[in-house]
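Examining the three-dimensional arrangement
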Amino acid sequence: MDYQSKIATNVASIPRSGIRDFFELVQGRDDVISLGVGEPDFVTPWHIREAAIYSLEKGQTTYTSNLGLLSLRKSIAKYVGDFFHVEYNPATEVLVTVGVSEAIDIALRALLNPGDEVIYHEPCYVSYSPSIVMAHGVPVPVLTTKEDGFSMKPEKLAAAITPKTRVVFINFPTNPTGACASREDLEGIAKLAIEHDLIVLTDEIYSELRYDETDPHVSIAALPGMKERTILLHGFSKAFAMTGFRLGYACAPQPIIEAMMKIHQYSMLCAPIMSQNAAIEALENGQAAMIEMRNSYHQRRDFLVKRLNEIGLDCHLPGGAFYVFPDIRCTGLTSKEFAMQLLEQESVACVPGSAFGASGEGFLRCCYATAFDDIRTATDRIERFVGRL
Ligand code: PLP
């Protein structure tokens with residue numbers, strides 16, 4: 001059978017994730033130090049795991065409300081109010097999802113008609129463009145550069161807006177660059193969204209992982225006039241080291257949550273109850289462990305940026321997340337060649353910048369959510385590799 005002709009054209013058109021392809025090469029190789037997959041090296045704090053175990057012990061093995069446990073939605077609304085300074089009604093404006101991944105998918109499906117354009121900044125997380133295509137939208141990347149700190153500049157956004165633009169999709173701190181947007185840039189983006197009547201999707205998954213205490217995180221949802229046109233997406237995977245729990249949430253005005261909930265209800269039904277119980281514990285008592293993990297990432301970031309610059313790979317100091325994005329153009333290799341040769345010759349795995357969009361070419365993503373000693377050894381090996389070029 002010609003299976004290709006049976007696959008929906010929008011699905012057939014999307015590429016496989018460049019990260020996964022690359023990491024299939026690493027599978028089963030014990031000698032490799034991975035600065036690759038963007039996943040905390042910490043095990044979920046014990047008290048959070050215990051809450052999941054206790055949930056099972058109590059026999060809580062059922063579906064929950066489609067929106068998620070009301071007790072969790074109340075905890076989320078309180079946390080979001082305290083951290084982002086935006087108030088949401090837990091009964092109607094919060095939806096618990098299976099990771100931020102599901103929240104991205106159902107937000108786009110709830111908003112887009114075929115042919116609607118979504119503007120996002122690139123390099124970006126690998127799922128954005130495919131998720132837009134799967135929702136029958138048209139991805140419109142705005143290319144960011146090292147020179148503008150990989151932030152989305154309002155003038156570039158303005159130039160990308162057309163009558164078909166429906167959504168602006170942002171993610172600060174950014175995967176893969178660690179970039180943070182200044183308040184001024186966010187205000188410029190907000191002004192354009194209001195002027196052109198656009199919905200803003202903000203993926204806040206790294207917002208706790210910011211390292212400059214004098215420059216605290218601001219969500220675009222908190223800017224004047226923005227709550228009513230913003231969908232705030234957040235989750236537990238990164239800051240609370242809970243990737244395997246598969247839990248996230250969306251906060252938005254009630255009609256948008258209602259539309260997203262319809263898709264969620266028919267596709268996922270609800271997020272797993274034990275993960276929801278663990279998430280309540282994370283929000284209510286997880287701050288200390290989260291800060292400890294953040295402090296550890298902070299030290300590793302400083303070390304890695306210093307070493308890469310010493311090696312001669314120009315690396316900006318990223319304000320957040322747990323990635324650095326050094327410029328490897330001076331080596332004359334493409335990002336894929338650099339990553340493949342580094343893996344073959346020195347057994348260090350990093351992700352080619354091109355996996356995050358064409359504008360990532362010439363860069364490498366190194367994740368520092370990896371043991372300090374491994375980072376030290378990896379940088380020594382990178383130094384040896386670059387020295388040979
Ligand atoms: N958004 C960004 C920017 C990410 O980097 C990731 C995971 O790497 C996700 C969303 C997916 O998160 P989750 O585990 O909550 O589905």
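Refer to the structure printed above.
Computed from a prediction, not measured in an experiment: that's the story for all the values here.

Observations concerning the site of the ligand
Around the ligand, the surrounding shell holds 13 residues, and the nearest of these are Ser 101, Asp 203, Tyr 206, Ser 237 and Lys 238. Take Val 100: an N or O atom from its main chain is 2.7 Å from an oxygen atom of the ligand. Here an oxygen atom of the ligand and a side-chain polar atom of Asn 175 are 2.8 Å apart. With the chains in place, 94% of the 400 Å² that the ligand exposes on its own is no longer accessible. Tallying contributions element by element places helix H6 (residues 99-111) first for the shell around the ligand, with three residues.

Structural notes on helix H11 (residues 273-285)
For H11, spanning 13 residues, the distance from its first C-alpha to its last is 18 Å, which sits close to the expected 18 Å at 1.5 Å a residue. Among all positions in H11, only Ile 273, Ser 275, Gln 276, Asn 277, Ala 278, Ala 279, Ile 280, Ala 282 and Leu 283 are buried. As for H11, its buried residues are in contact with helix H4 (46-57), helix H5 (70-84), strand E2 (94-97) and helix H12 (287-311).

Regarding the side chain of Arg 73
Relative to the elements of secondary structure, Arg 73 occurs in helix H5. In this structure Arg 73 is buried but unpaired, with Glu 258 as the nearest side chain of opposite charge at 9.6 Å. Of the polar contacts made by the side chain of Arg 73, one reaches the backbone oxygen of Ala 91; its length is 3.4 Å. Those residues in contact with Arg 73 that sit more than four places away from it in its chain are Ser 65, Leu 67, Gly 68, Pro 90, Ala 91, Val 94 and Val 96.

A look at the sheet that holds strand E5 (residues 165-170)
The mixed open sheet is built from seven strands, whose spatial order is E2-E8-E7-E6-E5-E3-E4. Among the strands making up the open sheet, the edge pair consists of E2 and strand E4 (138-143). Ignoring strand direction, the axes of neighbouring strands in this sheet form an average angle of 20°. As paired strands, E2 and strand E8 (residues 248-251) are joined by four bridges and run antiparallel to one another. Note on E8: the bridge partner recorded for Val 94 is Cys 251. Seen against the sheet, helix H10 (residues 254-267) touches E2, strand E6 (199-203), strand E7 (230-235) and E8 and runs at an angle of roughly 25° to E2.

Let's talk about the environment of Thr 214
Mapping Thr 214 onto the fold places it in the loop between E6 and E7. In this structure the side chain of Thr 214 is engaged in a polar contact, spanning 2.6 Å, whose partner is the side chain of Asp 212.

Observations concerning the packing of H12 against helix H14 (residues 372-388)
Axis separation between H12 and H14 bottoms out at 10 Å; the angle between their running directions is 10°. Accordingly, the angle class assigned to the pair H12 and H14 is roughly parallel. Residue-level contacts link Gln 299, Arg 300, Phe 303, Leu 304, Arg 307, Leu 308 and Ile 311 of H12 to Phe 372, Ile 375, Arg 376, Thr 379, Asp 380, Ile 382, Glu 383 and Val 386 of H14. Classifying every residue of the contact of H12 with H14 gives eight nonpolar, two polar and five charged.

Procedures and definitions
- Residues numbered from 1 in each chain as written.
- Predicted model: local features only at pLDDT ≥ 70, side-chain atom pairs only at ≥ 80, totals over all residues.
- Heavy atoms only, no water.
- Near = heavy atom within 4 Å.
- Polar contact = N/O pair within 3.5 Å; in protein donor to acceptor, adjacent residues only side chain to side chain.
- Areas by Shrake-Rupley, 256 points an atom, 1.4 Å probe, with all protein chains shown as cover.
- Helix = DSSP H or I, 4+ residues; strand = E, 2+ residues; numbered from the N terminus.
- Expected span 1.5 Å × (residues − 1).
- Buried < 20%, exposed > 50% of the residue type's maximum accessible area, 1.4 Å probe, protein only.
- Contact = heavy atoms within 4.5 Å.
- Lys, Arg positive; Asp, Glu negative; His and termini not counted.
- Salt bridge = Lys/Arg side-chain N within 4 Å of Asp/Glu carboxyl O.
- Pairing = 2+ DSSP bridges.
- Axes fitted to C-alpha atoms, helices over the stretch in contact; angles between N-to-C directions.
- Parallel < 35°, antiparallel > 145°, perpendicular 65-115°, else oblique.
- Nonpolar A, V, L, I, M, F, W, Y, C, P; charged D, E, K, R; others polar.

The values are spatial; any link to function lies outside them.
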